[in-house]
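# Architecture and fold: a report
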Amino acid sequence: SLFARATRAVPDCLLLHLAWAELEEGRGRAERGVEILKGFLGREPSTLGYITYQHFVRRTQGKEAARKVFTSTKDLRRKGVLGYQWYLAHARLEQHVNQEEEVARKVLDHGLSQHSSFLLEPEYVLATMDLLISLHDEQNVRGLADRALAVLDAAPATAAAAAAAVPGGEREEVASAAAAMAAAE
């Protein structure tokens, strides 16, 4: 097929593999689409690749199959091949698609327990705070803000590099969210 030749010519192109998988899904062969994406990830594991794969699996095979995708990446997560975005994507899938906020919370908590460096990622901290706020868990919002700010203050060089790499002043957002929570008391 055209896609088979194209993916041999450009084997590291996620978008090409995704287009082929979606074509197969449209032809009623979703399992073939899963195989295509799995084959790609076997050669080119990446956070974006796994996020794309999990969304494809959720759409074609359901909630439990998508959860198994996350579970199957344990070694890749431990090795750091998959970054904090993988945890965020899975938590957002649980929260917004599966309507399982407590599962989303457990995913984000697990990420923090396995990777303390996630406290240096403003996007991760803010997403976790947003989820905790939606669950009306003010105590843990404050605790998370305090932990994140302590880590940022303890590592000024790392914090400066992280702040420079991420536009928008998220450190200030974390600090102002913590201040707002303290003022609400």
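Residues numbered from 1 in each chain as written. Predicted model: local features only at pLDDT ≥ 70, side-chain atom pairs only at ≥ 80, totals over all residues. Heavy atoms only, no water.

## Examining the environment of L14
If you trace the backbone, L14 turns up in helix α2 (residues 14-26). In the structure, L14 is positioned 32 residues away from S46 in sequence and 9.6 Å away in space, judged by C-alpha atoms. (Helix = DSSP H or I, 4+ residues; strand = E, 2+ residues; numbered from the N terminus.)

## Comments concerning the environment of V81
With respect to the helices, strands and loops of the structure, V81 is situated in the loop between α6 (74-79) and α7 (84-97). Among the residues examined, V81 registers a relative accessible area of 34% and is labelled partly exposed. Sequence spacing of V81 and S46 is 35 residues, and the spatial spacing of their C-alpha atoms is 6.7 Å. Once you skip the residues sitting within four places of it in the chain, V81 turns out to touch P45, T47 and L76. (Buried < 20%, exposed > 50% of the residue type's maximum accessible area, 1.4 Å probe, protein only. Contact = heavy atoms within 4.5 Å.)

## A look at the pattern of salt bridges
Throughout the structure, instances matching the rule amount to eleven salt bridges. Close ionic contact of R29 with E24 constitutes a salt bridge, the shortest N to O distance being 2.6 Å. In this structure R29 comes out as partly exposed when scored by relative accessible area, which is 41%. For E24, a relative accessible area of 6% translates into the label buried. Between R67 and E94 there is a salt bridge, and its shortest N-O distance comes to 2.8 Å. On the criterion of sequence distance, the pair formed by R67 in helix α5 (residues 63-71) and E94 in helix α7 is long-range, its members being 27 residues apart. Salt bridges here are not isolated pairs; linked through shared partners, they connect E22, E25 and R59. (Salt bridge = Lys/Arg side-chain N within 4 Å of Asp/Glu carboxyl O.)

On their own, these measurements won't tell you what the molecule is for.
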